[in-house]
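The primary structure of each chain is shown beneath.
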Amino acid sequence: MPGLTIGDTIPNVEADSTRGRIRLHEYVDDSWTIIFSHPGDFTPVCTTELGKMAAYQQEFDKRGVKLLGISCDDVHCHNEWIKDIEAHTPGCKVAYPIMADPNREIIKELNMIDPDERDPHGKPLPSRALHIVAPNKQVKLSLLYPATTGRNVDEVIRVLDSLLITSKHKVATPVNWKPGDKVVISPSVSSDEAKKMFPQGYESAKLPSGKDYLRYTNVP
Ligand code: BEZ
């Protein structure tokens, strides 16, 4: 069976975390939620990533987005590790829960296993997977990195902003888009509809094909 991917409903898994027992659907409730996995506690790249996610907490709060980390060690180990994370990224407070998955059940269900990484006992390890889940519990975006490559939290915020805008309006965000840039009108919107839907107007790119499919507009 193919693993969890865009469009799938996340499974309602349940596990202990640094903030108590979590049932995933209840945790998401009706918020956008970012679920991100880490190969292991007390590992260098993960320590920097969890600290940076915590340092950006206000940015996530502003957007009404919940965070949930997952790592394979137990809650006691996570709590000890948090002391290192907070010391390494001064001023950060790890306020989001980190789920414990010592039996690797959650990471399997969430398609977060790295096929190339094993712990010293031969048990599978999580990749650096990150799912952005909509309030309806569907995966809207997945990033998948190997253990050896840390993520970029600015990119996580950027794609989140794209998802928040494109879930509200019939637009898409073009290459290297960042907030404040123009967006493009979705191809499913006809020219007549576009005129009504985007009273602020739009500019069509002049293309050799003469086709009118690349239409830039300001965020409604
Ligand atoms: C890290 O977080 O630094 C890491 C974890 C597993 C393999 C390689 C790097």
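**Notes on the packing of aromatic side chains**
Summed over the entire model, instances satisfying the criterion amount to 2 aromatic pairs. Residues Phe36 and Tyr96 carry aromatic rings whose centres are separated by 5.4 Å and whose planes lie at 70 degrees to one another, so their mutual orientation is edge-to-face. Of this pair, Phe36 sits in strand β3 (residues 32-38) while Tyr96 sits in the loop between α4 (75-88) and β5 (98-100); the two residues are 60 residues apart in sequence, bridging distant segments of the chain. Considering the side-chain rings of Phe42 and Trp81, the 6.4 Å spacing of their centres and the 45 degrees angle between planes classify their relative orientation as tilted. Here Phe42, found in the loop between β3 and α2 (44-55), pairs with Trp81, found in helix α4; they are 39 residues apart in sequence, far enough to count as distant. For Phe42, a relative accessible area of 44% gives the class partly exposed. Since its relative accessible area comes to 0%, Trp81 is described here as buried. Over the aromatic face of Tyr27 sits the side chain of Lys66, whose NZ or CZ is 5.3 Å from the ring centroid.

**Some points on the pattern of salt bridges**
Counting across every chain of the model gives 14 salt bridges. With a shortest N-O distance of 3.1 Å, Glu14 and Arg23 are connected by a salt bridge. Judged by its relative accessible area of 35%, Glu14 is partly exposed. The class of Arg23 is partly exposed, set by a relative accessible area of 35%. Glu59 is paired through a salt bridge with Arg63; the nearest N and O atoms lie 2.8 Å apart.

Analysis parameters
- Residues numbered from 1 in each chain as written.
- Predicted model: local features only at pLDDT ≥ 70, side-chain atom pairs only at ≥ 80, totals over all residues.
- Heavy atoms only, no water.
- Phe/Tyr/Trp six-rings, centres within 6.5 Å; stacked < 30°, edge-to-face > 60°.
- Helix = DSSP H or I, 4+ residues; strand = E, 2+ residues; numbered from the N terminus.
- Buried < 20%, exposed > 50% of the residue type's maximum accessible area, 1.4 Å probe, protein only.
- Lys NZ or Arg CZ within 6 Å of the ring centre and 35° of its normal.
- Salt bridge = Lys/Arg side-chain N within 4 Å of Asp/Glu carboxyl O.

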